Amino acid sequence: MFGKLKEKLKNWAKKVSEKAKETEEVIEEKSAEKLKKESKKKSKEKKKSEKIEKELVEEAEEKLFEPSTKEIEEKEEIKKFEATKEIELPMEYNTGAQKFEPDLEKLKEKIEEKISEPEKSKPGTESFFKRVTSKISKVKISEEMFNVYAEELEMLLLENNVALEVAEKVVYELKEKVVGKELLKKEVESEIQEAFKEIIRGILVDPFDIIKRIKEKKKNSKDPFVMIFCGVNGTGKTTTISKIASHLKSKGISCVLAAGDTFRAASIEQLKTHGEKIGVKVIANDYGSDPASVGFDAIKYAKKNLIDCVLIDTAGRMHTSKNLLKEIEKMARVCKPDLKIFVGESITGNDAIEQVKTFNFEIGIDGIVLTKADIDEKGGTALSVGYVTKKPILYLGTGQEYDKIEVFNKEKFIEKLGL
Ligand SMILES: Nc1nc2c(ncn2[C@@H]2O[C@H](COP(=O)(O)OP(=O)(O)OP(=O)(O)O)[C@@H](O)[C@H]2O)c(=O)[nH]1
Ligand SMILES: [Mg+2]
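About the criteria used
Residues numbered from 1 in each chain as written. Chains lettered and ligands numbered in written order. Predicted model: local features only at pLDDT ≥ 70, side-chain atom pairs only at ≥ 80, totals over all residues. Heavy atoms only, no water. UniProt positions renumbered as here; feature names shortened; annotations may be inferred. Helix = DSSP H or I, 4+ residues; strand = E, 2+ residues; numbered from the N terminus. Buried < 20%, exposed > 50% of the residue type's maximum accessible area, 1.4 Å probe, protein only. Polar contact = N/O pair within 3.5 Å; in protein donor to acceptor, adjacent residues only side chain to side chain. Contact = heavy atoms within 4.5 Å. Axes fitted to C-alpha atoms, helices over the stretch in contact; angles between N-to-C directions. Parallel < 35°, antiparallel > 145°, perpendicular 65-115°, else oblique. Left-handed = near helix turned anticlockwise from the far one by under 90°. Nonpolar A, V, L, I, M, F, W, Y, C, P; charged D, E, K, R; others polar. Expected span 1.5 Å × (residues − 1). Salt bridge = Lys/Arg side-chain N within 4 Å of Asp/Glu carboxyl O.

In the annotation of an unreviewed UniProt entry, the entry for the chain reads Signal recognition particle GTPase, and the organism field reads sediment metagenome. The record in UniProt for the chain states the following under Subcellular location (unreviewed entry): "Cell membrane". Regarding the chain, the relevant UniProt record gives this comment under Sequence similarities (unreviewed entry): "Belongs to the GTP-binding SRP family."

Here's what the structure looks like:
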């Protein structure tokens, strides 16, 4: 399920992360190289200026008390004074006086030695290269680099049934999240995946709990909870109704099914067969009769028999057929359903997006069931169908059997995408 999108997103994140590492390494190495060169140049300049300074001092010593040398001399004196503090006083034995006396010659030598020692690196400067090296393990994804791969990302999303507006949103938000951000090298790929996760979380609409809604209605009213299912031909409406009724029954919620497809041959028998198999009553009328009245009859039956929930089947209709859309709008007016649920196929891609948009525009849907997710390799429809309508996916159909239905869960979906 959804394997293609999962694989493609993973590969893309890996590729971008590898590229980011490569590119940034070169940049950092370059800058390290540059810094080394600069530092060499500076130390050369420093040595040169020290040499000049020394010459100046010597010159100044020759020109004693000249005002121009005064400062240099003072500095030199301070240096000497500081050096004497660190030097142990050398002693020599004066045989004449028969005692040890300070060896002034040696002291002078030692002072000279001390002050000509190279200056120790100041705090902050010694960790400089260390800082550069630590920077090497961090990378930044540049805007230019991201743009190169953005088109590829958009294409792979579109190829995997993600609607254009959703693909554009993913690319835009990912750019906002990763471009220019300093990332640890080893974390680039996971950071991209984390960003994907967050974006997808924002795109998917939070589903509501149908069972909770049914129970709430039951608490406050004697009327049953009514759901009407619509969609184009063959998407799995009848099968989904049976699956949901079976699921509700297992949760202690009683149901009745309304055979509202009075148009397609054998549709009534099909629903009756399902009803028998799951042990749920089916209300039906003749073929060609008004589907709204079948729904109405089923609601009446539920009220009379204190049944919690009515699920109304409808004939498949193309989203391009205005007349048939009017018919379902009439059914909605008569039956006043608590939920109008669109049933679409996960595998249909962009067509499913167009269908759901039209049904939503014409009758205002409340939620979506995406069927055949078990045979959907791509996964993009599930990502987009809610976003374009701002309505939640409530269930995923994952097979032909009655138990092959999953309550839609955002986090599980993200997990299925391998993120
Ligand atoms: N693999 C798979 N097949 C499904 C799923 N849901 C439904 N089907 C199959 O899809 C086919 C059509 O299902 P129906 O329930 O008759 O579809 P429908 O929307 O009621 O069709 P019409 O009434 O003709 O518009 C059947 O063969 C179902 O078994 C699903 O989640 N996974
Ligand atoms: Mg049907």
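**Student:** Describe the side chain of Ser384, with residues and values.
**Tutor:** Within the secondary structure layout, Ser384 lies in helix H14 (residues 380-389). With relative accessibility at 0%, the residue Ser384 sits in the buried group. Within the local environment of Ser384, its side chain forms a polar contact with the backbone nitrogen of Ala163, the two atoms lying 2.9 Å apart. Excluding its chain neighbours within four sequence positions, the residues that come into contact with Ser384 are Asn161, Val162, Ala163, Val166 and Ile353.

**Student:** Break down the packing of helix H9 (residues 237-250) against helix H10 (residues 267-278) for me, citing the residues and quoting the values.
**Tutor:** At a minimum axis distance of 10 Å, the contact between H9 and H10 shows a crossing angle of 20°. Regarding the angle of H9 to H10, the classification is roughly parallel. Both H9 and H10 take part in a crossing whose hand is right-handed. Contact residues: H9 offers Thr238, Thr239, Ser242, Ala245, Ser246 and Lys249, while H10 offers Gln270, Leu271, His274 and Ile278. By residue class, the composition of the contact of H9 with H10 is three nonpolar, six polar and one charged.

**Student:** Before we move on, can you summarise H9 with the specific residues and values?
**Tutor:** Its 14 residues place the ends of H9 20 Å apart at the C-alpha level, agreeing with the 20 Å of an ideal helix rising 1.5 Å per residue. Burial analysis of H9 places 10 of its 14 residues in the buried class, the great majority of the element. Listed in full, the buried residues belonging to H9 are Lys237, Thr238, Thr240, Ile241, Ser242, Lys243, Ile244, Ala245, His247 and Leu248. Count one or two residues on from H9 and you reach Gly252, which has phi positive near 85°.

**Student:** Go over the pattern of salt bridges with me, naming the residues and quoting the values.
**Tutor:** A side chain of one charge can pair with a side chain of the opposite charge if their charged atoms are brought near each other. Applying the stated criterion across every chain yields a total of 17 salt bridges. A salt bridge links Asp338 to Lys217; the nearest nitrogen and oxygen atoms lie 3.0 Å apart. In this pair, Asp338 is assigned in the loop between helix H12 (322-335) and strand E9 (339-345) and Lys217 in helix H8 (residues 210-220), connecting sequence segments 121 residues apart. A residue is classified by how much of its surface remains accessible, and Asp338, at 28% relative accessible area, is partly exposed. Among the salt bridges present, the one from Glu362 reaches Lys322, with a minimum N-O distance of 2.8 Å. Of the two residues, Glu362 is situated in helix H13 (residues 350-363) and Lys322 in helix H12; the sequence distance between them amounts to 40 residues. A relative accessible area of 23% places Glu362 in the partly exposed class. In this structure Lys322 comes out as exposed when scored by relative accessible area, which is 52%.

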